[in-house]
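So the chains spell out like this:
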Amino acid sequence: MFASCKSKKVEYIHPLDIKQIHKNEVDLFYKHKADSIITQINDININRFKKVATIGESSDSFEYYFFQTIPSKIDIDNSNRIYISRESFNSISVYNRDGIYIYSIGRGGRGPGEFQRVIDFEFSNDKKELYVLDFFEIEKFTLEGDEYVYNKSYPHNMLMVYDFCLLNDKMYLSGYRTKREKADSLVTLTTDEKLKKKVAPPISTFNLSDFTYLNSFGFEYLSNSGYGTFDGVLSKNYITCNPSTNTIIGYQADFSYIFGYNTLGEQKWVTKIADYINAEHTEFKSPEYKNTGLIQYSNSGIFNRKLPIPTINMGKYEILQFLYQTPQKYFADFDSSESKSNIETLLIDSESGFINKLDYSSKSLGFLNREKLIAIKQDQKTFDTEVIIYEKH
């Protein structure tokens, strides 16, 4: 905490230890150790794959760095077609197994089958349905022939959404919503009243059949001001669902904890990455000017950002990845020779929360199935990004 006598401005640098999980409540503290590095997952050896395709994307503007050219989601269908979305893009690009573009799903707009921003997408188990998470709603597409076509839209009534996953007959959304059932009740509130309004826990459950809201759960990191919007930002999670163990894994997006929950939202385990460099958020309050705010990613040096890539058909395991990022406001004066460009890749046992480090940290790596894996590589000078497809040989 920092206080200035002149302006009586008080600042809190999150995360604060007092607001995090107490040590005796943490099941595992994971530290990077050489003897924890593995190259084989059951019978899948990551060295037995060969490159079969490259999907390239070039950028000529710094604003694309880490935010637009790096895919936010990659998946494949039953015909080995590759589906790629990127943050801030309003469609999903579809490629064949050789990396040749076929068609796009959706376009920019607010109409049926249109997106403000594709945040994430998920296939149903049989791949006959495709669900796309947009800012304001879930768009459902159904497979007709070889293409997915628009079917229906479901408003999610969330104030902010970050991620989602499907498990059995439920959909789990990461984000924050008010504790009132109807979002239209916010229309009559002032900006300050909206900020102070309490939000529900960071993961919400919906019935997949009719998209009715069921409940919210998950660890809440609370701000000092008590503003619900700040609570929602600080409690941000990336999530993935593991059908083998019926576990919803919630990764604190900016801090060092990982949580495992059962399908009812009850906590199964919590793991901390002990040497993780937290992204800092500065919460300030100036009584003199009656001003309260939250500055996100206020670090003065390198910090970690999580880049989870969902995995398929890997049993109880999931992959968590994080990169080393330099704050944009310091980028111009930063010595790039000091930058850590590697992306760390961790393997999580969804049943226990136990973590191992994969010996493949120079690229963003994810298994799409037991025969195919993808790697994301970005040039640190030009910011050009390649999606590299590997198949078992």
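For the structure, check the block above.
Everything quoted here is computed from the prediction, not taken from an experiment.

## Considering the packing of aromatic side chains
Right, on to step 1. Taken as a whole and assessed by the stated rule, the structure comprises 21 aromatic pairs.
Right, on to step 2. Ring centres 6.4 Å apart and planes at 70 degrees place the aromatic pair Phe135 and Phe136 in the edge-to-face group.
Right, on to step 3. By relative accessible area, Phe135 is classed as partly exposed at 28%.
Right, on to step 4. Here a set of aromatic residues connected by ring pairs shows up, and it is made of Tyr172, Phe217, Phe219, Tyr257, Phe259 and Tyr261.
Right, on to step 5. Between the NZ or CZ atom of Arg110 and the centre of the ring of Phe136, over which it lies, the distance is 4.2 Å.

## Quick notes on the environment of Ala274
Right, on to step 1. In this fold, Ala274 is placed in the loop between β25 (267-273) and β26 (281-286).
Right, on to step 2. Of the residues examined, Ala274 reaches a relative accessible area of 29% and is grouped as partly exposed.
Right, on to step 3. Remark: the alpha-carbon pair of Ala274 and Ser256, spanning 18 residues in sequence, is separated by 7.1 Å.

## Regarding unusual backbone geometry
Right, on to step 1. Here the residue pair His14 and Pro15 is connected by a cis peptide bond, since its omega of 15 degrees sits within 30 degrees of zero.
Right, on to step 2. We note that Asn168 has phi near 55 degrees; this positive angle belongs to a residue other than glycine.
Right, on to step 3. You can see Asn168 is positioned in the loop between β18 (160-167) and β19 (170-176).
Right, on to step 4. Even without glycine at this site, Phe211 takes up a positive phi of about 60 degrees.

## A closer look at the nonpolar core
Right, on to step 1. Within the largest apolar cluster, 25 residues are counted, with the highest numbers of intra-cluster contacts made by Tyr172 and Phe259.
Right, on to step 2. Contributing elements (two or more residues each) for this core: β18, β19, α2 (228-234), β22 (237-242) and β24 (257-261).
Right, on to step 3. Beyond its immediate sequence surroundings of up to four residues, Phe259 is in contact with Ile21, Phe219, Ile248, Ile249, Gly250, Gln252, Gln267, Trp269 and Val270.

## A look at the pairing of β25
Right, on to step 1. Looking at chain direction, β24 and β25 are connected through five bridges and run antiparallel. Bridge pairing links Phe259 to Val270 in β25.
Right, on to step 2. As consecutive antiparallel partners, β24 and β25 are separated by five residues, and within that stretch Gly265 has a phi angle of approximately 90 degrees, a positive value.

## Let's talk about the sheet that holds β19
Right, on to step 1. Pairing within the open sheet is antiparallel, and its four strands lie in the order β18-β19-β20-β21. For this open sheet the edge positions go to β18 and β21 (213-217), each flanked by a neighbour on one side alone. With strand direction ignored, the average angle separating the axes of adjacent strands in the sheet is 25 degrees.
Right, on to step 2. Bridge count between β19 and strand β20 (residues 203-207): five bridges; the pairing is antiparallel. If you follow Tyr172 over to β20, its bridge partner there is Thr205.

Cut-offs applied
Residues numbered from 1 in each chain as written. Predicted model: local features only at pLDDT ≥ 70, side-chain atom pairs only at ≥ 80, totals over all residues. Heavy atoms only, no water. Phe/Tyr/Trp six-rings, centres within 6.5 Å; stacked < 30°, edge-to-face > 60°. Buried < 20%, exposed > 50% of the residue type's maximum accessible area, 1.4 Å probe, protein only. Lys NZ or Arg CZ within 6 Å of the ring centre and 35° of its normal. Helix = DSSP H or I, 4+ residues; strand = E, 2+ residues; numbered from the N terminus. Core = buried A, V, L, I, M, F, W, Y, C linked by side-chain atoms within 4.5 Å. Contact = heavy atoms within 4.5 Å. Pairing = 2+ DSSP bridges. Axes fitted to C-alpha atoms, helices over the stretch in contact; angles between N-to-C directions.

Note that all results are geometric; they support no functional claim without further evidence.
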